[in-house]
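Single-letter residue listing:
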Amino acid sequence: INQYMKSRSLELEGVSVKVETTAQIRLTRSRNVLGFFEGSDPALQGEVVVLGAHLDHLGKRGDYIFNGADDNGSGCAALLEVARAFAANGMRPKRSILFAFWTGEEEGLLGSRYYADHPRVPMSRTVACLNLDMVGRTWNAERLKRTAAQWGVDLPEDALPKIQADRFLVLPLSEDPAVADAMREADRHVGLSLFLRPTKSGGGGSDHTPFALRGIPWIFFFGSMHEDYHGPADTVDKVSLRQVADVARLAYLAAFQLADK
């Protein structure tokens, strides 16, 4: 499968399998956690840039603890640092910043969907949504090669050694030119190798999607998919703290620019 990127399904003759599952359904309550940083311009401070990260993961199942260090401890840590930077800066952007720690992402974007239906600031006054989800794992050459094949990108063999994989980020974002401009300007001060992927859809299965479906410009800050995704082995020792810090800097600078334009 890794070599050809095609299904290798086959029928096992004479083999039958019986599987039984049980499920329990219960009603529970969980909350989004919001923080508001007021902008400096009286005429524009009623508009917001939303910066979000989901705070939930999969918990404990039997004897297995799903640590969620990358998904999404890394995004939450980056968001906290962005909030700390805004609070420490003596300068405020013209528009306000709404920090959001979303609940229920793993159950179907429940927190961000609820917010989009019941926004604290009207969607008509929401300038952009910046979403931080799984920002702690870096790329490597093998993963780059495999992903290029999945995307149908003809990547020459001599190109891979020229890419500094652990400084490389693929960032999906909306087609609004303002968000792409903000990312390029932010990276002038951070120095990563960004591959921006503008798209019409709000896909990606994360908390920017409810905003994208309402026409809000968005950026999806994401590191690299890995074999520990949704598994107990997603532990903090495998997280690149340097990358989390770099993503936090990118998100801070991009959000400030979008809020101050």
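Anyway, here's the lowdown on the structure attached to this text. All figures in this text were calculated on a predicted structure; none of them were measured in a lab.

1. A word on helix 2 (residues 110-117)
Among the residues of helix 2, those classed as buried are Gly111, Ser112, Tyr115 and Ala116. End-on, the buried residues of helix 2 take up no more than an arc of 135 degrees, which puts them together on one face. In this fold, the buried residues of helix 2 make contact with strand 1 (33-37), strand 5 (96-102) and helix 5 (209-212).

2. Considerations on the environment of isoleucine 65
Structurally, isoleucine 65 can be placed in strand 4 (residues 64-66). Each C-alpha atom of the pair isoleucine 65 and alanine 43 lies 49 Å from the other, and the pair is 22 residues apart in sequence. When near neighbours in sequence (up to four residues on either side) are disregarded, isoleucine 65 contacts Gly59, Lys60 and Pro232.

3. Focus on the layout of surface pockets
Of the volumes computed, that of the largest pocket is approximately 1,000 Å³. As for the largest pocket, its lining consists of 25 residues, and the residues nearest its centre are Arg29, Ser30, Thr103, Gly104 and Leu110. For the lining of the largest pocket, the secondary structure elements donating two or more residues are strand 3 (59-61) and helix 2. Counting residues per element, the lining of the largest pocket draws most heavily on helix 2, which supplies six residues. Its residues placed into classes, the lining of the largest pocket shows six nonpolar, nine polar and 10 charged. Looking at the second largest pocket, its volume works out to about 570 Å³. Along the walls of the second largest pocket sit 29 residues, with Gly204, Phe220, Phe222, Ser224 and Met225 positioned nearest its centre. At the level of secondary structure, the elements contributing two or more residues to the lining of the second largest pocket comprise helix 3 (141-150), strand 7 (168-173) and strand 8 (193-198).

4. Here's the deal with the packing of aromatic side chains
In the structure shown here, the tally under the stated rule is 10 aromatic pairs. Put simply, the rings of Phe37, Phe86, Phe99, Tyr252 and Phe256 touch in pairs and so form one group of aromatic residues. Geometry around phenylalanine 66 places arginine 61 over its ring, the cationic atom sitting 5.5 Å from the centre.

5. As for the nonpolar core
Soluble globular proteins tend to pack their nonpolar side chains together in the buried interior. Judged by nonpolar contacts, the single largest core of 43 residues is most densely connected at Leu51, Phe86, Leu130, Leu132 and Phe221. Put simply, the parts of the chain that give this core at least two residues each are strand 2 (48-54), helix 1 (69-88), strand 5, strand 6 (126-132), strand 7, helix 4 (177-190), strand 9 (218-221) and helix 6 (241-260). The dominant element in this core, judged by the number of residues it contributes, is helix 6, at 11 residues. When neighbours within four sequence positions are excluded, leucine 132 is seen to be in contact with Leu51, Gly52, Ala53, His54, Asn72, Gly75, Ala78, Leu79, Phe221, Val247 and Ala251. Core analysis: the next-biggest nonpolar cluster, separate from the first, contains 12 residues, Val48, Val50, Leu98 and Ala100 among them.

6. Description of a nonpolar patch on the surface
A cluster of nonpolar side chains, contributed by Leu10, Leu12, Val15, Val17 and Val19, occupies part of the molecular surface with about 570 Å² of accessible area. On the basis of relative accessibility, which here comes to 69%, the residue valine 17 falls in the exposed class.

7. Quick word on the pattern of salt bridges
Tallied over the entire structure, the rule returns 14 salt bridges. A salt bridge links aspartate 228 to arginine 137; its shortest N-O distance comes to 2.9 Å. A residue pair is termed long-range when its members are at least 10 positions apart, and aspartate 228 in the loop between strand 9 and helix 6 and arginine 137 in the loop between strand 6 and helix 3 qualify at 91 residues. Taken individually, aspartate 228 and arginine 137 each receive the classification buried, so the pair is uniform in this respect. A salt bridge links aspartate 246 to arginine 242, with the shortest nitrogen-to-oxygen separation between them at 2.9 Å. You can see aspartate 246 and its partner arginine 242 sitting in helix 6, four residues apart, about one turn around the helix.

8. Describing the environment of phenylalanine 220
When you line up the elements, phenylalanine 220 lands in strand 9. According to the relative accessible area criterion, phenylalanine 220 is buried, its value standing at 7%. As a C-alpha pair, phenylalanine 220 and alanine 251 span 31 residues in sequence and 10.0 Å in three-dimensional space. When near neighbours in sequence (up to four residues on either side) are disregarded, phenylalanine 220 contacts Asn131, Asp133, Leu171, Pro172, Gly204, Ser206 and His208.

9. Digging into unusual backbone geometry
Aspartate 71 connects to asparagine 72 through a cis peptide bond whose omega is 10 degrees. For asparagine 72, the location among the structural elements is in helix 1. Phi is positive for methionine 134, which is not a glycine, with a value near 60 degrees. By secondary structure assignment, the location of methionine 134 is in the loop between strand 6 and helix 3. Accessibility expressed as a relative area gives 3% for methionine 134, which makes it buried. Positive phi is not limited to glycine here, since histidine 230 has a value of about 55 degrees. Taking relative accessible area as the criterion, histidine 230 reaches 27% and is therefore assigned partly exposed.

So, how was this worked out
- Residues numbered from 1 in each chain as written.
- Predicted model: local features only at pLDDT ≥ 70, side-chain atom pairs only at ≥ 80, totals over all residues.
- Heavy atoms only, no water.
- Buried < 20%, exposed > 50% of the residue type's maximum accessible area, 1.4 Å probe, protein only.
- Helix = DSSP H or I, 4+ residues; strand = E, 2+ residues; numbered from the N terminus.
- Arc of directions from axis to C-beta.
- Contact = heavy atoms within 4.5 Å.
- 1 Å grid on protein atoms, 1.4 Å probe; cavity = no way out; pocket = protein on both sides within 12 Å on 5 of 7 lines; lining within 4 Å.
- Points joined across faces, edges and corners; volume = space filled by probe spheres on them.
- Nonpolar A, V, L, I, M, F, W, Y, C, P; charged D, E, K, R; others polar.
- Phe/Tyr/Trp six-rings, centres within 6.5 Å; stacked < 30°, edge-to-face > 60°.
- Lys NZ or Arg CZ within 6 Å of the ring centre and 35° of its normal.
- Core = buried A, V, L, I, M, F, W, Y, C linked by side-chain atoms within 4.5 Å.
- Patch = residues over 30% accessible without salt bridge, like charges linked within 9 Å, V, L, I, M, F, W, Y side chains within 5 Å.
- Areas by Shrake-Rupley, 256 points an atom, 1.4 Å probe, with all protein chains shown as cover.
- Salt bridge = Lys/Arg side-chain N within 4 Å of Asp/Glu carboxyl O.

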